[in-house]
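Observations on the three-dimensional arrangement
Listed here are the chains, written in short residue letters.
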Amino acid sequence: MSLALASLDVSVDVEANLPCRKFDPDLWFSDSPAQLELAKSLCGDCPLRVECLAGAVERNEPWGVWGGEIFERGAVVPRKRPRGRPRKVDVARDAELKVEVEERLAASGLERNAVRLAA
């Protein structure tokens with residue numbers, strides 16, 4: 001995640017207690033949906049969350065957790081689905097989560113058109 005730190009505001013201490021620096025970096029690139037949700041939650045209080053997310057959007061990050069959002073194939077996804085066919089309940093929940101992701105992105109100051117959301 002060091003690429004996300006390249007163009008940051010110099011007033012923020014780079015050596016601060018950033019979650020991506022304190023915990024195992026593999027957590028942010030895990031295949032496990034539960035571990036990705038943990039990584040997202042750790043990003044919640046990060047002082048660089050907005051800059052990290054904006055940088056990931058700009059770079060079209062192919063995968064991983066950036067700025068508290070999950071990227072998969074360059075798109076923001078509400079959650080990583082486990083393997084196999086999703087249940088109807090999960091499909092309905094994904095629709096709700098997609099709205100929440102759009103709201104979080106808007107609150108971060110990112111335009112909806114600038115971020116590709118997975119269907």
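Residues numbered from 1 in each chain as written. Predicted model: local features only at pLDDT ≥ 70, side-chain atom pairs only at ≥ 80, totals over all residues. Heavy atoms only, no water.

Rules: UniProt positions are given in the numbering used here, feature names are shortened, and annotations may be inferred rather than shown by experiment.
Per an unreviewed UniProt entry, the protein carries the name Transcriptional regulator WhiB and comes from Krasilnikovia cinnamomea. The record held by UniProt for the protein lists under Function (unreviewed entry) the comment "Acts as a transcriptional regulator. Probably redox-responsive. The apo- but not holo-form probably binds DNA." As stated in UniProt under Sequence similarities (unreviewed entry), the record for the protein gives "Belongs to the WhiB family."

Concerning the packing of aromatic side chains
Here a ring pair, both rings aromatic, is described through the centre-centre distance and the interplanar angle of the planes. This is how it is decided: Pairs were defined over the aromatic rings of Phe, Tyr and Trp, the Trp ring being its six-membered one, requiring ring centres within 6.5 Å. Orientation was assigned from the angle between planes: stacked under 30 degrees, edge-to-face over 60, tilted for the rest. Helical segments are the DSSP runs of H or I of at least four residues, strand segments are the runs of E of at least two, and each set is numbered from the N terminus. Note on classification: 1.4 Å probe, protein chains only; a residue is buried when its accessible area is under 20% of the maximum for its type, exposed when over 50%, partly exposed between these limits. Note on geometry: a ring has a charge over it if NZ (lysine) or CZ (arginine) is within 6 Å of the ring centre and within 35 degrees of the ring normal.
Across all of its chains, the model carries two aromatic pairs by this definition. A ring pair is formed by Phe29 and Trp63, whose centres lie 5.0 Å apart and whose planes are at 70 degrees; its orientation type is edge-to-face. Note that Phe29 is positioned in the loop between helix 1 (19-22) and helix 2 (33-43) and Trp63 in strand 1 (residues 63-66), a separation of 34 residues in sequence. We classify Phe29 as partly exposed; its relative accessible area is 23%. Centroid distance Phe29 to Trp66: 5.9 Å. Interplanar angle 75 degrees. Geometry classified as edge-to-face. Pair noted here: Phe29 is in the loop between helix 1 and helix 2 and Trp66 is in strand 1, with a separation of 37 residues, a long-range link. Cluster of aromatic residues (ring-pair linked, three or more members): Phe29, Trp63 and Trp66. Over the ring of Trp66 we find Arg59; its NZ or CZ atom is 5.2 Å from the centre of that ring.

So, the state of the cysteines
Heads up, the condition is: Pairs of cysteine sulfur atoms within 2.5 Å are identified as disulfides in what follows.
The tally for this structure, following the rule as stated, stands at zero disulfides. The thiol of Cys20 is not disulfide-bonded; the next cysteine sulfur, from Cys46, is found 5.9 Å away.

Notes on helix 2
Definition in use: By definition, the arc is the one covered by directions from the helix axis to the C-beta atoms. Residues are treated as being in contact if the distance between any of their heavy atoms lies within 4.5 Å.
Within helix 2, burial applies to Leu36, Ala39, Lys40 and Cys43. Looking down the long axis of helix 2, one finds its buried residues gathered within 100 degrees of arc, a one-sided arrangement. The inward-facing, buried residues of helix 2 contact helix 1, helix 3 (49-59), strand 1, strand 2 (69-72) and helix 4 (88-107).

Points about the side chain of Lys40
For Lys40, the position within the fold is in helix 2. Apart from residues no more than four positions distant in its own chain, Lys40 is found in contact with Val65, Gly68, Glu69, Ile70, Pro78 and Arg104.

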